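Okay, here's what each chain looks like letter by letter:
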Amino acid sequence: MELKDFKNWGSLCTRDEPVFCTNQCPLGVDVKGMAAKLNAGDFTGAYKNYSSQVLFPGIVSKICDEPCKSACLRKNIDESIPVRMLEKACCDFTATKDIPSFYMPLKNKRIAVVGGGLGGLSCAVKLVRKGYDVHLYEEKDRLGGSLWEPGSHISPEVLEEEFGRITRNDDIKMHLNTKVGSLDALAFDALYIATGRRGETFGLVGGFDPISLATAQNGVFMSGKTAGREESSVLIPIREGIRVSQSIESFLKTGRMGGEAGNHEVVPSRLSADIAGVKNKAGVKPAGPAGYTPEEAVEEAKRCLRCECKACAEACELIAYYKKKPKKIIEDVNATLNKVEAITKRVASRQINSCNLCGLCKEVCPTSLDFEEIFLASRRELHRGGSLPLAFHDFWMRDMDFSNSEDAFLALNPSIKDKSRYLFFPGCQLGGSDPRYVTDTYDYLLKRLEGGVSIMVGCCGAPAEWAGREEEHSAVIVQIKKNWEDLGSPGVILACPTCKKMFAQYLPDITVASLWTIVAEKGMPENKKSGEGQTVTVFDSCASRHEPDVRRSVRAILKNSGYQLEELAYSGERAQCCGYGGQIHAVNLPLLDEIVSNRVKGTPYDYITYCTNCRDTFANTQKPAVHMLDLMFYDNIKARAARKPPTLTQRRENRIQLKKQLLKQIGGREMQPSVSDYSRIKVFISPEVFKKMDRNLIVAEDAQRTIHYCESTGNKIQDTSTGNLIGHLQNEVITYWVVYRPEGDGFRLESIYSHRLNIEEHVT
């Protein structure tokens, strides 16, 4: 993605698009907002909002032809909301009909409005409230035009109340019983002709522009009805009056006529609202002829769906956590990437690195807005500019380096003479969770596949990808390809969904297959215990989002093994991340906790995963979860489901142990462990301290290194109240602090923590 495209991405979001009913309404009535206030029993608040939009609520709520009903989404479920009846309820039950007025400085501009119908009045009301000197001319002795004629739906009492409120609250200079014969007789800076159908046009129809409502005379506008145009709704005159007031303001400021006051075209809203889960609920019918009672109005308002696009916020905790609309997120990303020194801040740095990079947002968004791509490109750009805090991803980068070091990496062909047809690449986390996952799977493949199977144990480079570290990631990819070529370029079998995603994107020349498609074809190991009808839930790895064959294979294996499956609300292509992806642990721990908590609550059944990160994440919260390999190679599934995940330190030790086992099993030789000065130090660590260390991404090696530094340099102090020793070691971007004491032939670690502060040390 090019960073210049970011601004265009914001336009994809439809969240701020008008709701369908409001979009269809000539006056843009905020039906959703009104329904929300009615739902809360706030009739006065609903009335104030409604009145400010329609200007004449008592009249509009009776004459409106309800174009909104045809646009209401409820019509696709049961029946449309009768908005006009709710509007009438606002008028009937409001505590006050007076709208607060605000002082506006008087402007030295005189506006003339000819015609006292709803259109002319609308223009006059809007302009006088902006501080203009407005004069309204009406040839009859009262306002309202045709509304007083026989057959009108509005009673004289309502008309008197509405127009009385206008004349009482607004400073319009009324000239009733005044017929204007010529515009030359009026003094004005701008003028609106709203004399109605067959009304006086002052000879200006010939130069009339139906789009802007401008006439050939500078500063003079005319309503479409006066010019002879048919309206699509009885509300059009009010709409035109409101819009002409805006055009007049623009004319007075710029001297130019224009605008689209007469444009009645309704542009379809791009809003997307999901109604799949909405239940049928019949509309409330008023018990009496006068309309809804307050209780009935509240009940009917509850049927309003309050349409909005919230798919991303409902699916993704990140968007909900930061409480920002997608457009605002993109604006903040732009500001972060284009920081102006001494003026702006990198406001979204933490948010950019709080994304799991799972891609769910693109799947649920109706326009495929992709924050995975946006945030990943942002991380790369920030890292290239030296502005991405290294501590955000430091642990995972070091973990990747360890997985690809001499201590843990292995690429081996069991056949010295012949190249193998296949290569098993388990990734780094599978063996870190349990070395037997890898060794047992390798034995299974050797027995089931013809042509030989070599093995490569290491990391696919995902940590560097997620950290935006392009050079380090490219180096891993290059090394994988070289080792693959050295092994004879065999077909690669992948157990980890993330590895499969990395290979597909960065190693497209390598033919790959998922372990689970092979197991689905070749079958489970013999004499495996049946699921005996137990109901379980498959937790799809987010990295398998676009791997339907893998997902189908996993489910086929489970069903053939006797399990009943209960799917999650978000699964398959809409799978949610377990929380591990994107390396957000060091960036936003509260968000990580929220994500994990939500996944754990996603099903009452035990989870079955085919990603060990997912399994260990859930098991760490005591949520029963097993990996597919547990079902393949273990009989006591309950014990495996309750198995605590290894600590971060144990994961490294497991990788070392795995390499030892494979070297001995395949190569027939012993592995010589690497030894350093600090590794000779014995450090005793309690389970409680290990738990805190995992929480803060600290491994035993960090404690050994720090204590060794303190002991070898003497840079330590003693807490005389406890006898404990305290010291620190700055290791690149992280500083570690230890509290420890001698114990036997080693040291007891009482506490360890880390931070990103650099400490200036001076020798005196």
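Right, let's walk through the structure included here. Everything numeric in this text was worked out from a predicted model, so none of it was measured.

## Brief notes about the sheet that holds strand S16 (residues 717–718)
Moving on, step 1. With mixed pairing, five strands are arranged side by side in an open sheet as S15-S19-S18-S17-S16. The open sheet has two edge strands with one neighbour each: strand S15 (683–684) and S16.

## Some points on helix H3 (residues 31–39)
Moving on, step 1. Among the residues of H3, those classed as buried are Val31, Gly33, Met34, Ala35 and Leu38.
Moving on, step 2. Packed against the buried residues of H3 are helix H2 (20–24), helix H4 (43–54), helix H6 (83–93) and helix H10 (294–301).
Moving on, step 3. Positive backbone phi, approximately 80 degrees, marks glycine 41, located one or two places after H3.

## Re the sheet that holds strand S2 (residues 133–137)
Moving on, step 1. What the five strands build is an open sheet, ordered S3-S2-S1-S4-S5; its pairing is parallel. Looking at strand neighbours, the two that pair on one side only are strand S3 (173–175) and strand S5 (220–222), the edges of this open sheet. Each adjacent strand pair in this sheet contributes to an overall mean axis angle of 15 degrees, direction not counted.
Moving on, step 2. In the packing of helix H7 (residues 118–128) onto the sheet, the strands contacted are strand S1 (110–114), S2, S3 and strand S4 (190–193), and the crossing angle to S2 comes to about 165 degrees.
Moving on, step 3. Along the sheet face, helix H9 (residues 236–254) touches S1, S4 and S5 and points at about 160 degrees away from the line of S4.

## Re the pairing of strand S13 (residues 606–609)
Moving on, step 1. Pairing of strand S11 (residues 535–539) with S13, which is carried by four bridges, proceeds in the parallel orientation. Bridge pairing in S13 places valine 536 opposite aspartate 606.
Moving on, step 2. Sheet topology places S13 next to strand S14 (residues 625–627); three bridges connect them, and they run parallel. The residue bridging isoleucine 608 from the neighbouring strand is valine 626, located in S14.
Moving on, step 3. Each parallel crossover has a hand, and for S13 linked through helix H26 (residues 612–619) to S14 it is right-handed.

Reading the values: rules and limits
Residues numbered from 1 in each chain as written. Predicted model: local features only at pLDDT ≥ 70, side-chain atom pairs only at ≥ 80, totals over all residues. Heavy atoms only, no water. Pairing = 2+ DSSP bridges. Helix = DSSP H or I, 4+ residues; strand = E, 2+ residues; numbered from the N terminus. Buried < 20%, exposed > 50% of the residue type's maximum accessible area, 1.4 Å probe, protein only. Contact = heavy atoms within 4.5 Å. Axes fitted to C-alpha atoms, helices over the stretch in contact; angles between N-to-C directions. Right-handed = clockwise from strand over helix to strand, strands pointing away.

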